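Coordinates in review
The chain contents come next:
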Amino acid sequence: MLLRRTMLILASTPLVIDSMLATSFASIDAKSAERSLPATVLLGGGGARGLAHLGAMRAIGESGIHVERIIGVSMGALMASLFAVHRNVDMAEAESRRFLNSPACDRLQRQVLGVACDPESETSRPRGNRRGKLRNFMWVQTLLFRAARQPSILPDSVLRCIIDNLLPDVGIEDLSTPLHLLAVDVQTGQRVCLSRGSLREAVRCSMSIPGVFPAVNRGTAQLADLGVYDAVPCDLARQIISQNGAGDGSKTSRLIVVDVGRSTSSFPNCRTAIESVLRFQELAEQQMRDFQLASADLVIRPQFGSTPWFDFSLPDRLIESGYSAATDCFAKIDSRFSCARKPKRVV
């Protein structure tokens, strides 16, 4: 009954639910998936916040919704690939935790943190510390030198290490679950859907943040992370659904989007010229996000506070935030349905 109510409301109106942290987990009822209407899940980009996709997909499975295809962008591409490979949330989460707890991940995290933020940040030293300010100045100069002289701040080997540790070397078309990974051609600006060929290479294309990682040469195209400006491309997802059809023989499939964008601004005060530029980029990305989400049937939006894209230090909190947001979402949908069907009291 809950499943039927959920899908009826999904068919009628888009709904965005924001949710706070929860702690409970439950097992997936595999039989309920056979009774459900087909759905396509779009996992958006957001760096470390993409770990919330693990929790959200667990809740989607528990709801009985049959996920017939998965679409991924940036970090969402990596998570979508894990689900498509294992077809089991427990295994996907176990693989993620295994890598996050490995020495290789620890080395990569230190390398990424050295680029994303000052290792000797202002929060770790007294205000007015001249030595600290000099260190910060030298750190900024080093990054600017790299950006001016090299194609990317970080080498391609960082992404290769992550992807090769988590995913097998298989073709996308060989997976049982249809998978579509999205990227952008930096030369033409054309958005690209990768549904065939090397899985590892496709994920690398979707995760290569321009400037941070080098673009990936694929044929004549140079592919990079679409999520930098279009983290939840629902219009592309609709095109994919239309071209491939739904599992029940129709041309429609419910579009469920897990949006892991920031819930607070990284640069609210714009104290420097760089912060002002980044703030306007942030505003543009948010407007694109809101525009795209308007066409989704259901949006699951976990709450992260100020969690930055590069901080993988609290995986439990991120995973649970995704689970909490999704379970609250389905509960509120059922509540809305019950209220709509409740007969009016006659006085």
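Up top is the structure these notes are about.
Let us look at the structure shown here. (Residues numbered from 1 in each chain as written. Predicted model: local features only at pLDDT ≥ 70, side-chain atom pairs only at ≥ 80, totals over all residues. Heavy atoms only, no water.)

1. As for the overall build of the protein
- Each helix and strand in the protein was counted, giving 12 helices and nine strands.
- Counting across all 347 residues of the protein, residues that qualify as buried make up 47%.
- Of the contacts formed within the protein by residues at least 6 apart in sequence, a portion of 78% connects residues at least 24 apart.
- When the accessible surface of the protein is totalled, it reaches about 17,400 Å², and 54% of it is carbon and sulfur. (Helix = DSSP H or I, 4+ residues; strand = E, 2+ residues; numbered from the N terminus. Buried < 20%, exposed > 50% of the residue type's maximum accessible area, 1.4 Å probe, protein only. Contact = heavy atoms within 4.5 Å. Areas by Shrake-Rupley, 256 points an atom, 1.4 Å probe, with all protein chains shown as cover.)

2. Section: the pairing of strand 8 (residues 254–258)
- In terms of burial, strand 8 is a largely internal element, five of the five residues being buried.
- Side chains of strand 8 alternate between two faces, with Arg254, Ile256 and Val258 and Leu255 and Val257 buried alike.
- The sheet contact formed by strand 2 (residues 38–43) and strand 8 spans five bridges and is parallel. When the bridges of strand 8 are listed, Ala39 appears paired with Arg254.
- In this structure, strand 8 lies alongside strand 9 (residues 298–302), joined through three bridges in parallel fashion. (Pairing = 2+ DSSP bridges.)

3. Let's talk about the packing of helix 8 (residues 156–166) against helix 9 (residues 199–207)
- Packing of helix 8 against helix 9 leaves a shortest axis separation of 10 Å and a crossing angle of 130°. Considering the angle they form, helix 8 stands oblique to helix 9. As for how helix 8 packs across helix 9, the hand of that crossing is right-handed. Between helix 8, through Asp156, Leu159, Arg160, Ile163 and Asp164, and helix 9, the contact on the second element is made entirely by Arg200, Val203, Arg204 and Met207.
- Its residues assigned to classes, the contact of helix 8 with helix 9 shows four nonpolar, no polar and five charged. (Axes fitted to C-alpha atoms, helices over the stretch in contact; angles between N-to-C directions. Parallel < 35°, antiparallel > 145°, perpendicular 65-115°, else oblique. Left-handed = near helix turned anticlockwise from the far one by under 90°. Nonpolar A, V, L, I, M, F, W, Y, C, P; charged D, E, K, R; others polar.)

4. Re helix 5 (residues 89–100)
- Taking 1.5 Å as the rise per residue, helix 5 with 12 residues should run 16 Å; its terminal C-alpha atoms sit 16 Å apart, in good agreement.
- For helix 5, the set of buried residues is Val89, Ala92, Glu93, Ser96, Phe99 and Leu100. Seen end-on, helix 5 carries its buried residues on one side only, within an arc spanning 130°.
- The opening residue of helix 5, the one whose side-chain oxygen lies 2.8 Å from the backbone nitrogen of Asp90, is Asn88. (Expected span 1.5 Å × (residues − 1). Arc of directions from axis to C-beta. Polar contact = N/O pair within 3.5 Å; in protein donor to acceptor, adjacent residues only side chain to side chain.)

5. What about the pattern of salt bridges?
- Within this structure, the stated rule accounts for 16 salt bridges.
- Between Asp90 and Arg58 there is a salt bridge, with the nearest N and O atoms lying 2.6 Å from each other. Within this pair, whereas Asp90 is found in helix 5, its partner Arg58 is found in helix 3 (residues 52–63), the two being separated by 32 residues in sequence.
- Judged by its relative accessible area of 46%, Asp90 falls in the partly exposed class.
- Judged by relative accessible area, which is 8%, Arg58 ranks as buried.
- For Glu201, the salt bridge is made with Arg218, and the minimal N-O distance between the two is 2.7 Å. Of the two residues, Glu201 sits in helix 9 while Arg218 sits in strand 6 (residues 216–218), which places them 17 residues apart along the sequence.
- Taking the relative accessible area as the measure of exposure, Glu201 reaches 23% and is therefore partly exposed.
- Residue Arg218 is classed as partly exposed on the basis of its relative accessible area, which comes to 22%.
- Each of the salt bridges in this network shares a partner with another, and the network as a whole consists of Arg58, Asp90, Glu93, Arg97 and Asp316. (Salt bridge = Lys/Arg side-chain N within 4 Å of Asp/Glu carboxyl O.)

6. Here we look at the side chain of Ser81
- With respect to the secondary-structure elements, Ser81 resides in helix 4 (residues 75–86).
- At 2.8 Å, the side chain of Ser81 forms a polar contact with the backbone oxygen of Ala77.

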